[in-house]
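Inside the fold
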Amino acid sequence: MLISAAVSAADAVTGPKAESFKEQGNAYYAKKDYNEAYNYYTKAIDACPNNASYYGNRAATLMMLGKFREALGDAQQSVRLDDTFVRGHVREGKCHLSLGNAMAASRCFQRVLELDRTNPQAQQELKNASAVLEYERIAEIDFEKRDFRKVVFCMDRALEFAPACHRFKILKAECLALLGRYPEAQSVASDILRMDSTNADALYVRGLCLYYEDCIEKAVQFFIQALRMAPDHEKACLACRNAKALKAKKEDGNKAFKEGNYKLAYELYTEALGIDPNNIKTNAKLYCNRGTVNSKLRKLEDAIDDCTKAIKLDDTYIKAYLRRAQCYMDTEQYEDAVRDYEKVYQTEKTKEHKQFLKNAQVELKKSKRKDYYKILGVNKNASEDEIKKAYRKRALMHHPDRHSGASAEIQKEEEKKFKEVGEAFTILSDPKKKARYDSGQDLEEDGMNMAGKCSTSMRSSGPGNFFFQFG
């Protein structure tokens, strides 16, 4: 009896005191001073630890402070103390939902509806939980389909109802990284790491961003750190293995190239390209490197193809444009070369790039004129004697007298070729005109007239005696 009396007396003393603390907590809560409200609700719980409403009130305060995991503990304690406490079940459900556990949230809201069938808040929150479950389902399917944009969309919608869910944030960040939106992905991962520096998923995403930005050594450090926190983290383990393999193959390829072993370099770069198709920046460099190898092997069309693949992966990759442009120059595809050099010069206005563009424009201009070397059948380094001999041969071949018995169409064609031979010789036999022609400058009109006069003179002389002009 004495013990019972003592307990009753204690309850009589602490009851009003606890209520006073609760009322003070309510006043601070109304003023939105949630830290002070939390302190007074804690005092009320300390004074009377078996009151469900005190835990419920502190849970509401913690929710306003964004501390949903701590709030969840208080909400769960409140319904353990009183399973009919409707607001306790609602708060537990909202905490579960905010943390991304939509299934648990649904159970809580269903319990509320068992206690109060028309509770509008529980009805709405149950719909919200169902929406989150649907977004999760769609995101899982779309991730498998590699439709990362849709996954980001689903996670953004889900996070409207589950703002404290690290799992949704990590999935969004991973997809942003896979989409090449590295600053956004890094921002999301960094926010999580500020709250939880040991979060293995966030460490993995940070490493993934660095890996895809071709900062492979730093990426490996983050993957290793993630694996320390979670040794069974499959994605971090795979990414770490790929990063190390990619780095090794690329370095071996570079070494082989420097040693002049182009065949081996080609094989190593090709093997590196098969390691991870998602690593866009590194693969762009590998394609460009392989393109350089192909150009050394004089496989110029293959080199152009590799550079084009590099540019498709990274359209800001200046080195790939320069390499492809040079290959276009080497294969006399001057219009394509000019286009690439224009792109380079627009991006980086250096003297060197300006000169590259100018050279390509000159070659393009030259390519659209008559090719006098081709007309005479000599190369661009032909000597004066070689040019004279070629001229005699071609002039004799196309002289009109040789084709007097042919059809009118053939006579006309041979007449045209004969004139072109004389025109070519007039230019290439004159050192000054040849120099202007070779540099792509406009030729003087009188030079062209001289060519016409020369061919006329040759024609009137007949095929047997026009060679006198060489002396």
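Residues numbered from 1 in each chain as written. Predicted model: local features only at pLDDT ≥ 70, side-chain atom pairs only at ≥ 80, totals over all residues. Heavy atoms only, no water.

**Some remarks on the UniProt feature "domain: J" (unreviewed entry) in the protein chain**
Here, the residues flagged by UniProt with the feature "domain: J" (unreviewed entry) are residues 371–441. Within the segment residues 371–441, helix and strand shares are 69% and 0% respectively, and the terminal C-alpha atoms sit 14 Å apart. (UniProt positions renumbered as here; feature names shortened; annotations may be inferred. Helix = DSSP H or I, 4+ residues; strand = E, 2+ residues; numbered from the N terminus.)

**Considerations on the confidence of the model for the protein chain**
Within the protein chain, residue pLDDT values average 88, and 91% of them lie at 70 or more. Considering only residues more than four positions removed or in separate chains, one finds that residues 445–458, a stretch of pLDDT under 50, has 22 contacts. (pLDDT = per-residue confidence, 0-100. Contact = heavy atoms within 4.5 Å.)

**Digging into helix α21 (residues 384–398)**
The first and last C-alpha atoms of α21 sit 21 Å apart over 15 residues, in line with the 21 Å expected at 1.5 Å per residue. Where α21 is concerned, the buried positions are I387, A390, Y391, A395 and H398. Down the axis of α21, the sector holding all buried residues measures 130°, keeping them to one side. Across α21 from its buried face, at more than 90 degrees, point the exposed residues D385, K389 and K393. (Expected span 1.5 Å × (residues − 1). Buried < 20%, exposed > 50% of the residue type's maximum accessible area, 1.4 Å probe, protein only. Arc of directions from axis to C-beta.)

**Thoughts on the packing of helix α13 (residues 234–258) against helix α15 (residues 280–296)**
When two helices pack together, their arrangement is given by the angle between their axes and by how far apart the axes lie. Interhelical geometry of α13 versus α15 gives an angle of 20° and a closest axis separation of 12 Å. Of the possible angle classes, the one that applies to α13 and α15 is roughly parallel. In this structure, α13 meets α15 at a crossing whose hand is left-handed. Contacts between α13 and α15 involve L246, K250, N254 and F257 from the first element and T282, K285, L286, N289, T292, V293 and K296 from the second. (Axes fitted to C-alpha atoms, helices over the stretch in contact; angles between N-to-C directions. Parallel < 35°, antiparallel > 145°, perpendicular 65-115°, else oblique. Left-handed = near helix turned anticlockwise from the far one by under 90°.)

**Notes on the pattern of salt bridges**
What the rule picks out here adds up to 26 salt bridges. Notably, a salt bridge pairs K285 with D214, separated by 2.7 Å at the nearest N-O pair. With a gap of 71 residues between them, K285 in helix α15 and D214 in the loop between α11 (200–212) and α12 (216–229) connect regions that are remote in the sequence. A relative accessible area of 30% means that K285 is categorised as partly exposed. When the shortest N-O distance is used, the salt bridge between K247 and E217 registers 3.8 Å. Here K247, found in helix α13, pairs with E217, found in helix α12; they are 30 residues apart in sequence, far enough to count as distant. (Salt bridge = Lys/Arg side-chain N within 4 Å of Asp/Glu carboxyl O.)

**Concerning the UniProt feature "repeat: TPR" (unreviewed entry) in the protein chain**
Mapped onto this structure's residue numbering, the UniProt feature "repeat: TPR" (unreviewed entry) falls at residues 18–51, 200–233, 246–279, 284–317 and 318–351. Each end of residues 318–351 is marked by a C-alpha atom, and these two atoms are 15 Å apart; helix forms 82% of the span and strand 0%.

**With respect to the environment of A219**
Inspection of the secondary structure assignment puts A219 in helix α12. Its relative accessible area of 0% is what places A219 among the buried residues. Sequence separation between A219 and G207 is 12 residues, and the spatial gap between their C-alpha atoms is 4.2 Å. Apart from residues lying up to four places away in sequence, A219 is in contact with G207, L210 and Y211.

**So, the environment of A44**
Tracing the chain through its elements places A44 in helix α2 (residues 34–47). On the basis of relative accessibility, which here comes to 0%, the residue A44 falls in the buried class. For the pair A44 and K319, spaced 275 residues apart in sequence, the C-alpha to C-alpha distance is 69 Å. In this structure, A44 is in contact with A18, F21, K22 and Y54, ignoring residues within four places of it in sequence.

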